Structures are given as C-alpha cells and as structure tokens.
Amino acid sequence: MRVAASLEEIVERGLCTGCGACASLLGPDVLRMDLSPEGFMRPRGQRPLDKAEQQTVLEVCAGHTQKGGAPVKAAPHRIFGAMLHLAKGHATDRDIRFKSATGGVLTALAVYLVESGEVDGILQVSVSGDNPLLNEARFNTTREQIVASSGSRYGPSAPLKDIVALLDSGRRFAFIGKPCDIATLRNLSRVDPRVELQIPYMLAMVCGGNPSIAATYNIVRRFGEDHRDVEELRYRGHGWPGPTYVRTRQGREHRQTYDETWFSNLTYELMFRCKICADGVGEHADVVAGDCWAMEGGKPSHREAGDGWNMHIARTERGRQLIEDAVVAGYLHEEPFSVTELEAMHDDHGTKKRSVLWRLAGLALTAQPFPDHGALRVVQAGLAASWRERWTAFRGTLARSLKRRNRESPITSGTYAPDTTTR
Ligand SMILES: Cc1cc2nc3c(=O)[nH]c(=O)nc-3n(C[C@H](O)[C@H](O)[C@H](O)COP(=O)(O)OP(=O)(O)OC[C@H]3O[C@@H](n4cnc5c(N)ncnc54)[C@H](O)[C@@H]3O)c2cc1C
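Below, the structure is looked at part by part.

Scoring rules and cut-offs
Residues numbered from 1 in each chain as written. Predicted model: local features only at pLDDT ≥ 70, side-chain atom pairs only at ≥ 80, totals over all residues. Heavy atoms only, no water. Buried < 20%, exposed > 50% of the residue type's maximum accessible area, 1.4 Å probe, protein only. Helix = DSSP H or I, 4+ residues; strand = E, 2+ residues; numbered from the N terminus. Pairing = 2+ DSSP bridges. Core = buried A, V, L, I, M, F, W, Y, C linked by side-chain atoms within 4.5 Å. Axes fitted to C-alpha atoms, helices over the stretch in contact; angles between N-to-C directions. Contact = heavy atoms within 4.5 Å. Expected span 1.5 Å × (residues − 1). Near = heavy atom within 4 Å. Polar contact = N/O pair within 3.5 Å; in protein donor to acceptor, adjacent residues only side chain to side chain. Areas by Shrake-Rupley, 256 points an atom, 1.4 Å probe, with all protein chains shown as cover. Nonpolar A, V, L, I, M, F, W, Y, C, P; charged D, E, K, R; others polar.

## Brief notes about the pairing of strand E7 (residues 201–205)
Turning to step 1, where the next piece is worked out: Burial of E7 is extensive: 4 of the 5 residues sit out of reach of the surface.
Turning to step 2, where the next piece is worked out: Relative to E7, strand E6 (residues 173–177) is paired through 4 bridges, and the arrangement is parallel. Directly across from Phe-175, in E7, lies its bridge partner Met-202.

Written out as structure tokens, the structure reads:
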C-alpha cells in the first residue's frame with residue numbers, strides 16, 4: 001500500500017476531494033481553488049510546493065489520510081459505524097421541511113445552534129452569488145441565510161477554502177458538509193487545537209458521491225437551455241425529494257423528477273475519490289443525516305412523497321446531546337428507526353463499503369496511491385463481500401487504472417470549459 005507523496009500526486013491520481021483546505025493553509029499566493037478541466041473543484045497553483053508546504057498539506061488532506069478523530073463511545077456497526085443514537089425525523093418548521101433536501105434535519109439543527117447562541121454562525125455550502133450553476137462556501141449567521149442555503153447541491157464545492165481565516169477570526173461555528181470535508185477538518189484538529197475549541201459541531205449528509213460540474217451543465221442542456229440564461233437551479237427540495245428545477249431569465253421553467261435526472265443516462269463523472277470512499281455515511285461527524293425513503297418491494301423508492309423524512313445518526317456524545325436539545329427546544333421531531341430498517345434502506349452504502357478493499361487491491365496491483373483509510377474497517381467490510389462483489393470491484397478498478405481513467409489534469413492546468421451547445 002502506498003499513500004500519495006505530494007499534493008500534485010493527490011490531484012493527478014484522482015484522490016483530491018476538492019474541499020479547499022490546502023488552499024486555505026498555504027494562501028492564495030500559492031494555491032487557489034477553481035474548477036479543473038474535468039469539472040471538479042481542485043487546487044490550482046503555478047509552482048511546485050516546497051517540502052514544508054507539502055508536509056502541511058499531507059497532514060490534513062483526506063486524499064492522503066482519513067484517520068477520523070471524533071471521540072466515539074459505541075462499538076461500530078460494520079457498515080454504518082458508531083451509532084450513539086439513531087432515529088428518523090424532520091424539522092418542525094414547515095418552511096424548512098419543505099425547502100430542504102429531505103426533512104430539513106441539518107438545517108433545523110443549524111438554526112437551533114445559531115438561535116440558542118451555541119455558535120456564532122454556520123459554515124456551509126450554498127449556491128454561488130455569481131453563477132446559479134455553481135456553489136460557494138458561506139458563513140451564515142441568521143435563520144434566513146441558513147434556510148436559503150438548505151438543499152443538496154450535487155456539484156463541486158470547496159467549503160474549507162477559507163477555514164484558516166475563519167479560525168483566525170476567533171469565531172465559534174458549526175460546519176455542515178460532506179463526510180470527506182469533515183474527515184479533513186478532523187485531520188486539521190490534530191495539528192490545530194483551535195478546531196476543537198471553535199468548531200464544536202460537525203454535521204454531515206450521507207453522501208453517495210459528488211459529480212463533476214458537467215452533470216449540472218448537462219441537466220440544463222437536456223432542458224434545451226443555454227446555461228448563460230439560467231437564473232435559478234435546484235437539484236431537489238421544495239418537496240421530497242422535490243423536482244430538479246430550472247428557471248431562465250426569460251421566465252421559462254423546467255422540472256423533472258429525481259429519477260428522471262439521475263437515472264436516465266445523464267452523462268457525467270463522479271470523482272474517482274468517491275469510488276474508493278469508505279465513509280459515505282459520515283463516521284467522523286457529530287451528526288449525519290440522510291434520506292428516509294419509503295420502501296417498495298424491499299427497495300427504497302424515490303417517488304414524490306410530500307413531507308420529507310430524514311434518518312439521522314449521532315456519532316458522538318456531543319451530537320447526541322445536540323439532537324436531544326433541538327427536540328426539547330421544539331426544532332426537531334423524532335420517531336424510532338431501527339438498525340434493520342437502516343440496513344435495508346441504505347444497502348447501496350453497504351455495497352459501496354464492501355467494495356472498497358477490492359478497489360484498493362486493483363490500485364495496489366497497478367502501483368497507484370490511495371488514502372490511508374484509518375479505522376474505517378475497510379478490511380472487515382471487504383471480507384463480508386460476496387465473490388461476485390469482490391471480482392466486480394477489483395476488475396473495474398484495475399481496468400480503470402490501466403486505462404489511466406483515475407488520472408486528472410495537473411494543478412497547473414486551466415479551468416473547465418462548459419459545452420455551450422444546447423440539445
Ligand atoms: C453530493 C451528495 C450526495 C448525496 N448522497 C446521498 C446518499 O447516497 N444517500 C442519502 O441518503 N443522502 C444523500 N445525500 C444527502 C441528502 O440529499 C440530504 O442532504 C440529506 O438527507 C440531509 O437532508 P436535510 O433535509 O437534513 O438537508 P438540508 O436541511 O437541506 O441541508 C443540506 C445541507 O447540506 C449542505 N450541502 C448541500 N450540498 C452540499 C455539497 N455539495 N457539499 C457540502 N455541503 C452541501 C447545505 O449547505 C445544507 O447545509 C447526498 C447529498 C449530496 C450533496
């Protein structure tokens with residue numbers, strides 16, 4: 001097994017998660033975040049990093065190491081990790097529940113944290129103010145701002161690109177992001193004690209992988225629109241899961257269902273890092289929330305179901321207490337949800353986790369680096385895979401690596417150029 005030896009290797013071998021922490025640590029004279037030619041958020045720099053800069057990045061980057069760090073007291077479930085508390089629920093505020101991606105649990109917790117004075121603000125991802133197809137990190141301090149940042153954005157973002165400046169500001173805040181963003185924050189907490197003091201809550205969504213920005217541009221093209229005309233784009237929300245929605249400056253509106261968007265030959269690439277991710281379920285977070293789909297014929301259904309329901313897990317004592325306080329304060333409604341229901345509903349994450357060991361074997365055989373997955377039970381989960389699952393994962397990654405399809409452009413290359421044709 002070999003971890004990457006430099007930031008350049010992390011990016012070029014497809015191990016970067018795009019969080020932006022490296023750019024924040026080294027500053028804009030060395031690295032800036034931008035879309036890569038492949039349509040992922042990546043550090044861009046014009047000179048090789050020196051040895052000390054490399055060391056600073058490698059200590060923190062989840063493309064290098066994913067060791068965790070949250071103090072966990074429960075024995076971990078093989079796939080879903082430590083669960084101090086598991087329930088289904090939703091925001092009690094109807095507006096939050098309607099607008100959010102699922103039932104609004106993450107937004108409700110964030111609003112509770114700000115309104116109770118627990119934190120000064122929330123660092124989270126929202127739609128970009130410059131381009132409604134892109135995302136940007138925001139530091140939100142009011143209910144209105146937090147609710148306006150709710151919903152899932154299935155595209156690149158760099159939520160940690162200003163993390164050092166925020167820590168320097170002395171403010172106390174909660175963070176909401178993808179599991180890999182939180183893995184990076186936990187790595188940072190090992191070298192910067194301010195993280196533990198100033199970021200008391202880290203909240204994650206369950207994540208099956210983040211697509212390239214090409215997915216977003218292709219959604220717009222499939223509606224027959226030019227991306228330059230788009231005024232608003234929502235991937236979901238405003239219902240559960242809610243339609244993918246596009247409105248143009250000329251007032252044209254388009255909608256399609258979640259399944260029509262994601263399960264109808266939409267062309268895009270997931271980040272390679274997501275294909276070897278062993279933490280889709282946010283094991284390093286204090287609280288993680290996902291969908292609580294209705295089950296039809298033993299499988300989760302994405303049919304429109306009106307008011308959304310989350311399933312959520314507290315990983316840490318701090319997370320468990322936060323949920324309890326938010327319920328008592330009337331921000332969250334909860335009902336029982338069992339591990340058996342979780343296993344059936346989110347079996348896609350079981351399949352994914354069981355495959356990681358075999359994907360890594362494909363990389364190892366072709367001398368490719370991969371992250372140190374720390375205590376994420378990659379071997380334990382992998383040994384529970386069927387022979388078919390093992391072979392499919394191993395063969396697929398081996399072929400991908402031999403065809404160099406895990407590779408990305410160097411950090412000195414240019415930016416993403418969207419296809420401007422409509423169809
Ligand atoms: C890329 C991606 C993949 C996902 N895959 C799965 C899955 O496999 N299974 C599953 O059950 N759920 C998945 N989800 C999560 C799901 O869509 C909901 O986010 C989750 O159920 C929480 O619902 P909520 O109503 O509490 O969220 P909300 O209250 O709407 O809050 C969502 C929060 O997520 C933040 N956010 C949105 N997009 C991003 C982003 N790209 N990067 C960082 N932060 C972001 C927002 O700032 C907001 O704070 C995924 C979400 C994303 C963005």
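## Focus on the nonpolar core
Turning to step 1, where the next piece is worked out: Counting 84 residues, the largest nonpolar core has Leu-31, Ile-163 and Ile-199 as the members making the most contacts within it.
Turning to step 2, where the next piece is worked out: Broken down by element, this core gets its largest block of residues, 6 residues, from helix H10 (residues 213–222).
Turning to step 3, where the next piece is worked out: With 27 residues, the next largest nonpolar core counts Ala-91, Tyr-201, Leu-203 and Tyr-331 among its residues.

## Looking at the sheet that holds strand E14 (residues 310–314)
Turning to step 1, where the next piece is worked out: The strand order across the open sheet formed by 8 strands is E5-E4-E6-E7-E11-E14-E3-E15, and the pairing between neighbours is mixed. Whereas interior strands pair on both sides, the edge strands pair on one side only; in this sheet they are strand E5 (135–140) and strand E15 (332–336). For this sheet, the mean angle separating the axes of adjacent strands, direction not counted, is 30°.
Turning to step 2, where the next piece is worked out: Against the sheet, helix H5 (residues 105–115) makes contact with strand E3 (85–91), strand E4 (121–127), E6, E7, strand E11 (287–291), E14 and E15, and its axis sits at roughly 165° relative to E7, the strand it touches most.
Turning to step 3, where the next piece is worked out: Sitting on the sheet, helix H8 (residues 179–191) touches E6 and E7, and the angle it makes with E7 is about 155°.

## Some remarks on helix H13 (residues 317–328)
Turning to step 1, where the next piece is worked out: The end-to-end C-alpha separation of H13 is 16 Å, in line with the 16 Å expected for 12 residues at 1.5 Å each.
Turning to step 2, where the next piece is worked out: Against E3, H5, E7, E11, E14 and E15 lie the buried residues of H13.
Turning to step 3, where the next piece is worked out: At the exit of H13 stands Gly-330, carrying a positive phi of roughly 85°.

## Side note on the environment of Gly-103
Turning to step 1, where the next piece is worked out: Here Gly-103 shows up in the loop between helix H4 (94–99) and H5.
Turning to step 2, where the next piece is worked out: Residue Gly-103 is classed as buried on the basis of its relative accessible area of 0%.
Turning to step 3, where the next piece is worked out: Sequence spacing of Gly-103 and Asp-93 is 10 residues, and the spatial spacing of their C-alpha atoms is 9.9 Å.
Turning to step 4, where the next piece is worked out: Here Gly-103 is in contact with His-90, Ala-91, Arg-97, Gly-308, Trp-309 and Asn-310, once residues within four sequence places are set aside.

## Observations regarding the environment of Gln-55
Turning to step 1, where the next piece is worked out: Among the secondary structure elements, Gln-55 is positioned in helix H3 (residues 51–60).
Turning to step 2, where the next piece is worked out: Classification of Gln-55 as partly exposed rests on a relative accessible area of 43%.
Turning to step 3, where the next piece is worked out: Separated by 50 residues in sequence, Gln-55 and Ala-5 have C-alpha atoms that sit 9.3 Å apart.

## Things to note about the site of the ligand
Turning to step 1, where the next piece is worked out: Neighbouring the ligand are 34 residues, the closest being Gly-104, Thr-107, Val-125, Gly-151 and Ser-152.
Turning to step 2, where the next piece is worked out: Within the contact set of the ligand, an oxygen atom lies 2.6 Å away from a backbone nitrogen or oxygen of Val-125.
Turning to step 3, where the next piece is worked out: Here an oxygen atom of the ligand and a side-chain polar atom of His-349 are 3.1 Å apart.
Turning to step 4, where the next piece is worked out: Taking 930 Å² as the accessible area of the ligand by itself, protein coverage stands at 97%.
Turning to step 5, where the next piece is worked out: For the shell around the ligand, the secondary structure elements donating two or more residues are H5, E4, E6 and E11.
Turning to step 6, where the next piece is worked out: Tallied by class, residues from the shell around the ligand come to 10 nonpolar, 20 polar and 4 charged.

## Section: H8
Turning to step 1, where the next piece is worked out: Between its first and last C-alpha atoms H8 spans 19 Å; for 13 residues at 1.5 Å apiece the expected length is 18 Å, and the two agree.
Turning to step 2, where the next piece is worked out: For H8, the set of buried residues is Pro-179, Cys-180, Asp-181, Ile-182, Ala-183, Thr-184, Leu-185, Arg-186, Asn-187 and Leu-188.
Turning to step 3, where the next piece is worked out: Against helix H2 (21–26), H3, helix H7 (163–168), E6, helix H9 (194–198) and E7 lie the buried residues of H8.

## A look at unusual backbone geometry
Turning to step 1, where the next piece is worked out: With an omega dihedral of -5°, the bond running from Trp-240 to Pro-241 counts as a cis peptide bond.
Turning to step 2, where the next piece is worked out: As for its placement among the helices and strands, Pro-241 is situated in the loop between strand E8 (230–234) and strand E9 (244–248).
Turning to step 3, where the next piece is worked out: Positive phi, close to 60°, is recorded for Asn-265, a residue that is not glycine.
Turning to step 4, where the next piece is worked out: By relative accessible area, which is 75% here, Asn-265 ends up exposed.
Turning to step 5, where the next piece is worked out: The phi dihedral of Ala-367 is positive, around 60°, even though this residue is not glycine.
Turning to step 6, where the next piece is worked out: Here Ala-367 is to be found in the loop between helix H15 (347–365) and helix H16 (378–383).

## What about the sheet that holds E8?
Turning to step 1, where the next piece is worked out: In spatial order, the strands read E8-E9-E10; together these 3 strands make up an open sheet with antiparallel pairing. A strand with exactly one partner marks an edge of an open sheet, and here the two such strands are E8 and strand E10 (253–256). For this sheet, the mean inter-axis angle between neighbouring strands, taken without regard to orientation, is 10°.
Turning to step 2, where the next piece is worked out: Note: E8 against E9, 4 bridges, orientation antiparallel. Its bridge partner being in E9, Glu-232 is matched across the sheet by Arg-247.
Turning to step 3, where the next piece is worked out: Where H10 meets the sheet, its contacts fall on E8, E9 and E10, and the angle it forms with E8 comes to roughly 115°.

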